[in-house]
Structures are given as C-alpha cells and as structure tokens.
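# Topology and contacts: notes
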Amino acid sequence: MMEFEELVDDYHHPLYQFAFSLSGSTDQAADLVEQAYVIWRRQERGGRQGGNVATGLFSTLYREYLGQVGRGTGDFGGGVGEGDNLPTASGQERDENQLIEVLGELDRTYRPSLALFYLQRHSYKEIAAILDIPIGTVMSRISRGKQQLREGVHKEADG
C-alpha cells in the first residue's frame, strides 16, 4: 500500500486541476481535494480500498462534488474568477488555465468527462470507472462537449 504522504505528493496537482475544472473556484477546488483525501484515508483504514489508486481518488472527488452540488452546499459551476489562477507546472499554465476557463462555461454534464480526458489524459475506460458511467456515455459526453466548445468558439469569432 502506498504511503499516504506519497499519495498526496503524486496526486495532489491532478486532483486539484480536476476539482478546479468542476468548481471554477480555487477555494472550492481545495476543499474538494481535501475532502477526497479524508474520505480516501477513512476507507483505507477501514480496509475498503482496492483497485487503481488514481481511479479511486478521482472517483471519490467526483462523488463528493456531486454530493455538494446536490446538497447545494457550494456555488459550483461558475467561470474562473479574478485571482482564481490554477497553479500548474511552468510552461503549461496559460494553456491549462484557458482550457479550464472554457470548461467552466460548458454544460455541467460534459465538464467532468472533458476535464478528465484533456487535463488528466485518462482513457475512456478510466473515465467510465471514475464517473461510474458506461463507456458509451463517456464517448457521447466528450463528443457533445467538443461540439459545445466548437459552437462557443464560433460565437466568439462572430461576436
């Protein structure tokens, strides 16, 4: 079993990116990541962990996001606010920030699949496991999300 500190070192940045792409807020993203680790740690101590660590962490974070949205405990889904700059590896900050900003404008249905696909480079199969949806649904959501992105780009170019 991976040491918890190693787990945090290895997965903090990708989890934070994913959380930020969902929530659009640095504070909410940090809270989601922290809660995912707390839940993960609790499950680990209870002996309920198994399978792929990355998939488990991303799934835990996504379920927590859905739970908070369902409970109305967060103002999720807005765009990137002033001062909400995503800390990233040097040289990639601008592209990732632009992608996250654009993802924040998409329908909530497509955001998680596209964020996992483009930001985290997960396969369709991994995304299906993380989001607990069929692989065909992942493919459909990515396709429809790309279409929404294209339509948004065309509107900006025309307007």
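The paragraphs below set out a description of the structure included in this document. (Residues numbered from 1 in each chain as written. Predicted model: local features only at pLDDT ≥ 70, side-chain atom pairs only at ≥ 80, totals over all residues. Heavy atoms only, no water.)

## Details of the side chain of Ser25
Operational definition: Only DSSP runs of H or I covering at least 4 residues are called helices, and only runs of E covering at least 2 are called strands; the numbering of each starts at the N terminus. Polar contact criterion, stated in full: a pair of N or O atoms within 3.5 Å, where within protein one must be able to donate a hydrogen and the other to accept it, and residues adjacent in sequence count only if both atoms are side-chain atoms.
Within the fold, Ser25 resides in the loop between helix H1 (4-23) and helix H2 (26-45). Within the structure, Ser25 has its side chain in polar contact with the backbone nitrogen of Asp27 (distance 3.3 Å).

## Brief notes about a negative patch on the surface
Condition: Each patch groups residues whose relative accessible area exceeds 30% and which form no salt bridge, using 9 Å between like charges and 5 Å between nonpolar side chains of Val, Leu, Ile, Met, Phe, Trp and Tyr. Note on areas: Shrake-Rupley, 1.4 Å probe, and residue coverage restricted to the protein chains presented here. We count a salt bridge whenever a side-chain nitrogen from Lys or Arg sits within 4 Å of a carboxyl oxygen from Asp or Glu. Positive residues here are Lys and Arg, negative ones are Asp and Glu, while His and the chain termini are left out of the count. To locate a charge, take NZ of a lysine, CZ of an arginine, CG of an aspartate or CD of a glutamate.
A cluster of acidic residues, Glu3, Glu5, Glu6, Asp9 and Asp10, forms a negative patch on the protein surface. Mapped onto the secondary structure, Glu3 falls in the segment before H1.

## Side note on the nonpolar core
Our working definition: Side-chain atoms within 4.5 Å link the members of a nonpolar core, which is a set of buried Ala, Val, Leu, Ile, Met, Phe, Trp, Tyr and Cys residues. Three labels apply to residues, based on accessible area from a 1.4 Å probe with only protein chains included: buried if under 20% of the type maximum, exposed if over 50%, partly exposed otherwise in between. Residues are treated as being in contact if the distance between any of their heavy atoms lies within 4.5 Å.
Counting 38 residues, the largest nonpolar core has Leu7, Tyr11, Leu15, Phe18, Tyr37, Leu57 and Leu61 as the members making the most contacts within it. Among the secondary structure elements, those contributing two or more residues to this core are H1, H2, helix H3 (53-71), helix H4 (93-104), helix H5 (111-119), helix H6 (124-131) and helix H7 (135-158). Looking at this core element by element, the count peaks at 9 residues for H1. In this view, Leu15 contacts Val33, Tyr37, Leu57, Phe58 and Leu61; residues no more than four positions away in its chain are not counted.

## Concerning the environment of Leu149
Mapped onto the elements, Leu149 comes out in helix H7. Distance in space between the C-alpha atoms of Leu149 and Leu103 is 8.2 Å, their sequence separation being 46 residues. The residues touching Leu149, leaving out its near neighbours within four places in the chain, are Val102, Leu106 and Leu114.

## Examining the packing of H5 against H6
What counts is decided by this rule: Note on definitions: angles span 0 to 180 degrees between N-to-C directions of axes, and those axes are lines fitted to C-alpha atoms, for helices only across the stretch in contact. Roughly parallel here means an angle under 35 degrees, roughly antiparallel means over 145, roughly perpendicular means 65 to 115, and every remaining angle is called oblique. Throughout, a crossing is termed right-handed when the near helix is turned clockwise from the far one, and left-handed when it is turned anticlockwise from it by less than a right angle. Only Asp, Glu, Lys and Arg are considered charged, only Ala, Val, Leu, Ile, Met, Phe, Trp, Tyr, Cys and Pro nonpolar, and every remaining residue, Gly among them, polar.
For the pair H5 and H6, interaxial distance at closest approach is 10 Å and the crossing angle is 135°. Regarding the angle of H5 to H6, the classification is oblique. Our pair here, H5 against H6, has a crossing hand that is right-handed. Counted together, Pro112, Ser113, Leu116 and Phe117 of H5 and Tyr124, Ile127, Ile130 and Leu131 of H6 form the full contact between these two elements. Among the residues making up the contact of H5 with H6, the classes are represented as 7 nonpolar, 1 polar and no charged.

## Thoughts on the packing of aromatic side chains
Given two aromatic rings, their pairing is described by the distance between the two centres and the angle made by the two planes. Rules: Centres within 6.5 Å make a pair out of two Phe, Tyr or Trp rings, where for Trp the six-membered ring is used; the pair is then stacked when the planes are under 30 degrees apart, edge-to-face when over 60, and tilted otherwise.
Applying the stated criterion across every chain yields a total of 6 aromatic pairs. Residues Phe18 and Tyr62 carry aromatic rings whose centres are separated by 6.3 Å and whose planes lie at 40° to one another, so their mutual orientation is tilted. Of this pair, Phe18 sits in helix H1 while Tyr62 sits in helix H3, and the two are 44 residues apart along the sequence. Taking the relative accessible area as the measure of exposure, Phe18 reaches 0% and is therefore buried. On the accessibility criterion, Tyr62 (9% relative accessible area) is buried. Centre to centre, the rings of Phe117 and Tyr118 are 5.0 Å apart; their planes meet at 85°, and the pair counts as edge-to-face. Here Tyr118 falls in the partly exposed class, since its relative accessible area comes to 27%.

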